[in-house]
Amino acid sequence: MIPTQWFLLLSVGLLVIGILGVLLRRNVLVMLMSIELMLNAANINLVAFSQLWHAVTGQVFAVFVIADAAAEAVVGLALIVALFRNKETVNADEMDLLKW
Amino acid sequence: MPLSHVAFLILSAVALISGGLVVTRRNPVRAALWLIVALFSVAGIYLLVKAEFLFAVQIILYVGGIMVLFLFVLMLVNVNVSVRQAPFNRQWRVALATALLLLAELAYGFWRGAAPRLKALAPVAAPSHPLGNTQAVGMALYQNYLLPVELVSLLLLVAMVGAVIMAKRRFD
């Protein structure tokens, strides 16, 4: 059996990469992709503990997380399309209508 | 070292490297393609822990559905402009410090708390009933988690309606 610690370390790595992507990038689409990376990190944790305890519950919740990721991607991409129509940009730092 | 450990190390290295490339590539189309590589290696990890149903869902839904959606939208918005612009914003010092702080915090918590406790945990004996993985997940989904399944279907419906309305309407 693969040690559960390895899964946790991989999950931490993917989570930090995803957070870096959200904080660093200007392109909104790449920010959404980084969110997908973070959701995958959470799924790895769920699956690792499902393996450790031989319980299928973790995998069930991973399925829910994937369904959530689909909903989030659909709404996020629709927002991006609407914003691009409105402002002709996909850069997060140029969408400053609510800034003082 | 058993073969599954070697496979896990290779797959996780591929996932981490391609994840890093997603964040650093200037062209969003390349970032999307590297994300597909990362998703495939995570799917391989699911296969290593014998979660075949999740493996199939990951490939069909993530790679086949969500990433194709991403690439569609990338073709709709203007990619050529963002290739010429700076990929990172001006707050990169603060962002880097925040992420490294979070990494240090998680690593500290991991070495102090999780790792010793996980080592102390006795591995649970595998159940004797020979239920296949897909069958077991299906039984759990439709017996113990029926209400969450219905809620997720409602969530997907709301997301679909919202996406249609937002993509259709003109703001001006």
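Residues numbered from 1 in each chain as written. Chains lettered and ligands numbered in written order. Predicted model: local features only at pLDDT ≥ 70, side-chain atom pairs only at ≥ 80, totals over all residues. Heavy atoms only, no water.

**A word on the domain arrangement of chain B**
- Domain annotation of chain B identifies domain 1 (1–83) and domain 2 (130–172).
- Placing a centre on the C-alpha atoms of domain 1 of chain B and another on those of domain 2 of chain B gives a separation of 22 Å. (Domains from an automatic or database assignment.)

**Looking at the nonpolar core**
- Core analysis: the biggest nonpolar cluster contains 51 residues, and Phe7(A), Leu29(A), Met33(A), Ile80(A), Leu54(B) and Phe70(B) have the highest contact counts within it.
- Of all elements in the fold, only helix H1 (4–24), helix H2 (28–52) and helix H3 (57–87) of chain A together with helix H1 (3–24), helix H2 (28–48) and helix H3 (52–76) of chain B reach the threshold of two or more residues within this core.
- Val60(A), Phe64(A), Leu141(B) and Tyr145(B) belong to the second-largest nonpolar core, a separate cluster that totals 11 residues. (Core = buried A, V, L, I, M, F, W, Y, C linked by side-chain atoms within 4.5 Å. Buried < 20%, exposed > 50% of the residue type's maximum accessible area, 1.4 Å probe, protein only. Helix = DSSP H or I, 4+ residues; strand = E, 2+ residues; numbered from the N terminus.)

**A short note on the interface of chain A and chain B**
- Taken together, the contacts link 71 residues of chain A with 84 residues of chain B.
- At the boundary of chain A with chain B, total buried surface from both sides reaches about 6,800 Å², with 79% on carbon and sulfur atoms.
- Counting the surface chain A buries against chain B, the share from its top three residues, Leu24(A), Arg25(A) and Met33(A), is 10%.
- At the junction of chain A with chain B, the criterion picks out 0 salt bridges.
- Taken together, the connections running from chain A to chain B amount to 6 residue pairs in polar contact (both at pLDDT 80 or more).
- Within the residue set of the side of chain A that touches chain B, elements represented by two or more residues are H1, H2 and H3 of chain A.
- The element that contributes the greatest number of residues to the side of chain A that touches chain B is H3(A), accounting for 25 residues.
- Residue classes in the side of chain A that touches chain B are distributed as 50 nonpolar, 14 polar and 7 charged. (Contact = heavy atoms within 4.5 Å. Buried area = accessible area lost by both parts, 1.4 Å probe. Salt bridge = Lys/Arg side-chain N within 4 Å of Asp/Glu carboxyl O. Polar contact = N/O pair within 3.5 Å; in protein donor to acceptor, adjacent residues only side chain to side chain. Nonpolar A, V, L, I, M, F, W, Y, C, P; charged D, E, K, R; others polar.)

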